[in-house]
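Survey of secondary and tertiary structure
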Amino acid sequence: MFGIVRPCRHRLGEKLTAQWTAHLCGLCLALRGDHGQLARIVTNYDGLLISVLTEAQADPGGSTGRRTAGPCPLRGMRTASVAHGEGARLAAAVSLVLASAKVRDHVADGDGLLARRPVALAARRVAAGWDRAGARTGSDVGFDTAVLVDAVDRQTGIESLAGPGTPILTVTEPTETATAAAFAHTAVLAGRPRNAAPLAEAGCLFGRLAHLLDAVEDREADAASGAWNPLTATGTSLDEARRLADDAVHGIRLALREAEFTDGGLAHRLLVHELPNSVRRAFGTPSCAHGSHPYAPPGAPGAPGGPTPPEPPRRDRRGLLAGCAVWLGLACTCQLCCGTYEDPWTRERKEGCLHNCDCDCCDCCECCNCCSCGGEDGCCSGCDCGCDC
């Protein structure tokens, strides 16, 4: 899983969590249905926004809708109502091209095993296959993925020419163009052509934000490995990156106000309320009570002025095959989605995607609304209440 929009189920509430999960599963099943089991590994959080936006604009009973999916290990072998139709398929096409771009980026940086030529060659072939698969599905729903592939190709050339003094927005432009096209096409699928312009604007800014946050999160790791990073290469400060990120969040909020939705609750929640949390997370601003440590009295290990707590014992990494075996076991027990588990390879303690919480409005098991006029979804669903959300 990758993506910048990773919502907290405590903030979403039961209704919106069910909707979000339906789109996540719908994207996964659309990938499997059109491209086979292996394609499911490109399921990502940002790609499902395409499905969410399409359904948010669509008339009830249209080409988008829900169906009941069979038991799945990632749902604890339970059936579920999942999104399906043209929105899910467009999300699948975009996700394939996104994943292809990410693989190519890792190959170019020589990350991990991809530094080895045979592995890099195989990865390039997989990426090319995903490009072709995305193009087929995109064509089926009237979307030309060439704009996405062109953006990926132009990105490499732009990065090779960028240097100190190059505006950072020059580097983010291909991502902005590609995301704008994908967001705008949801209006076409939903039969709301007037929404195309504001959603293109929202998509442009979302692409900018995704590129910036990815650069911020990778900045230290890229410096350590010598990999190319847009902020470092252009000499853009973290303060400037934060300003641009905050401006993008504000611009997305304004653009969405110009679009008409049939049921925009989930889209509004993800793109208006969750994006500021993504920014805070990327820039290291604490926003979650779940991650806070229990109170320690003065002088105790971990308390201010107290001794440094002992480091936990270091555990050896698992090998590739052993890690894959453990991953399969986790996938069959639903822990990857909604449990606490040990990373199959690094052995780091992690929580499933539905526990990936960074909220500042909840205290472990108790959660308050983000504003007093929360309404049914616990978060001013229409955002017309003047809460400045």
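Small disclaimer: the values here were computed from a predicted structure and weren't measured.

**As for the overall build of the protein chain**
Counting secondary structure elements, the protein chain contains 12 helices and 6 strands. Among the 389 residues that make up the protein chain, the fraction classed as buried is 47%.

**Side note on the packing of aromatic side chains**
Going through the model one piece at a time under the given rule, you end up with 2 aromatic pairs. Here W20 and Y45 contribute two aromatic rings whose centre-to-centre distance is 5.8 Å and whose plane-to-plane angle is 25 degrees, an arrangement assigned as stacked. Taken together, the residues W20 in helix α1 (residues 9–35) and Y45 in the loop between α1 and α2 (48–57) connect sequence positions 25 residues apart. A residue is classified by how much of its surface remains accessible, and W20, at 2% relative accessible area, is buried. Here the basic side chain of R242 rests over the ring of F283, its NZ or CZ set 5.2 Å away from the ring centre.

**What to know about the packing of helix α5 (residues 146–161) against helix α6 (residues 168–189)**
Here α5 crosses α6 at 175 degrees, and the two axes come no closer than 9 Å. Compared by their axis directions, α5 and α6 come out roughly antiparallel. Here α5 contributes V147, L148, A151, R154, Q155, I158 and E159 to the contact with α6, which in turn contributes T170, V171, E173, P174, T175, T177, A178 and A181. Of the residues contributing to the contact of α5 with α6, the split by class is 8 nonpolar, 4 polar and 3 charged.

**Quick look at α5**
For α5, spanning 16 residues, the distance from its first C-alpha to its last is 23 Å, which sits close to the expected 22 Å at 1.5 Å a residue. Among the residues of α5, L148, A151, Q155, I158 and E159 are the ones counted as buried. On its buried side, α5 packs onto α3 (86–109), α6 and α7 (196–225).

**Observations regarding the packing of α7 against helix α10 (residues 265–282)**
Look at α7 against α10: their axes get within 9 Å of each other, and the N-to-C directions meet at 25 degrees. Here α7 is positioned roughly parallel relative to α10, judged by the angle of their axes. α7 and α10 meet at a crossing whose hand is left-handed. Listed contacts from α10 to F206, L209, L213, V216 and E217 of α7 are L271, L275, S278, V279 and A282.

**With respect to the side chain of S100**
Take S100: it is sitting in helix α3. We classify S100 as buried; its relative accessible area is 1%. When sequence neighbours within four positions are dropped, the list of residues in contact with S100 reads A127, W130 and D131.

**Description of the environment of I158**
Structurally, I158 is set in helix α5. Each C-alpha atom of the pair I158 and P174 lies 8.9 Å from the other, and the pair is 16 residues apart in sequence.

**Points about the pattern of salt bridges**
A complete count under the given rule lists 15 salt bridges for this structure. A salt bridge links D150 to R154; its shortest N-O distance comes to 3.0 Å. Here D150 pairs with R154, and both are found in helix α5, just 4 residues apart, close to one helical turn. Owing to a relative accessible area of 28%, R154 belongs among the partly exposed residues under this scheme. Where E173 meets R154, a salt bridge forms, and the shortest distance between an N and an O atom there is 2.7 Å. Highlighted residues: E173 in helix α6 and R154 in helix α5, separated in sequence by 19 residues. Ionic contacts of the salt-bridge type, sharing partners, join the residues R11, R269 and E274 into one network.

**Quick word on the nonpolar core**
The nonpolar side chains of soluble globular proteins are, as a tendency, buried together. Ranked by size, the top nonpolar core spans 76 residues in total, and within it F206, L209, L271 and L275 carry the most contacts. Those residues within four positions of F206 in sequence are excluded, and the remaining contacts are I4, V5, D46, L49, T179, F183, I252, L271 and L275. In this structure, C25, L29, A69 and V82 belong to the second largest nonpolar core, which totals 5 residues.

**Overview of the side chain of D46**
With respect to the helices and strands, the residue D46 is situated in the loop between α1 and α2. R6 provides the closest opposite charge to the buried, unpaired D46, separated from it by 7.2 Å. Looking at D46, its side chain comes within polar contact range of the main-chain nitrogen of I4, at 3.0 Å. At a separation of 3.1 Å, a polar atom in the side chain of D46 contacts the main-chain amide nitrogen of V5.

**Quick look at the confidence of the model for the protein chain**
This prediction gives the protein chain a mean pLDDT of 79; 71% of its residues lie at or above 70. For the protein chain, per-element mean pLDDT is lowest for strand β6 (residues 366–367), which scores 34, and highest for helix α9 (residues 238–257), which scores 97. Contacts of residues 288–306 to residues separated by more than four positions or lying in other chains number 25 contacts, the stretch itself having pLDDT below 50. Counted against residues more than four places away or in other chains, residues 355–389, with its pLDDT under 50, gives 75 contacts.

Thresholds, definitions, all that
- Residues numbered from 1 in each chain as written.
- Predicted model: local features only at pLDDT ≥ 70, side-chain atom pairs only at ≥ 80, totals over all residues.
- Heavy atoms only, no water.
- Helix = DSSP H or I, 4+ residues; strand = E, 2+ residues; numbered from the N terminus.
- Buried < 20%, exposed > 50% of the residue type's maximum accessible area, 1.4 Å probe, protein only.
- Phe/Tyr/Trp six-rings, centres within 6.5 Å; stacked < 30°, edge-to-face > 60°.
- Lys NZ or Arg CZ within 6 Å of the ring centre and 35° of its normal.
- Axes fitted to C-alpha atoms, helices over the stretch in contact; angles between N-to-C directions.
- Parallel < 35°, antiparallel > 145°, perpendicular 65-115°, else oblique.
- Contact = heavy atoms within 4.5 Å.
- Nonpolar A, V, L, I, M, F, W, Y, C, P; charged D, E, K, R; others polar.
- Expected span 1.5 Å × (residues − 1).
- Left-handed = near helix turned anticlockwise from the far one by under 90°.
- Salt bridge = Lys/Arg side-chain N within 4 Å of Asp/Glu carboxyl O.
- Core = buried A, V, L, I, M, F, W, Y, C linked by side-chain atoms within 4.5 Å.
- Lys, Arg positive; Asp, Glu negative; His and termini not counted.
- Polar contact = N/O pair within 3.5 Å; in protein donor to acceptor, adjacent residues only side chain to side chain.
- pLDDT = per-residue confidence, 0-100.

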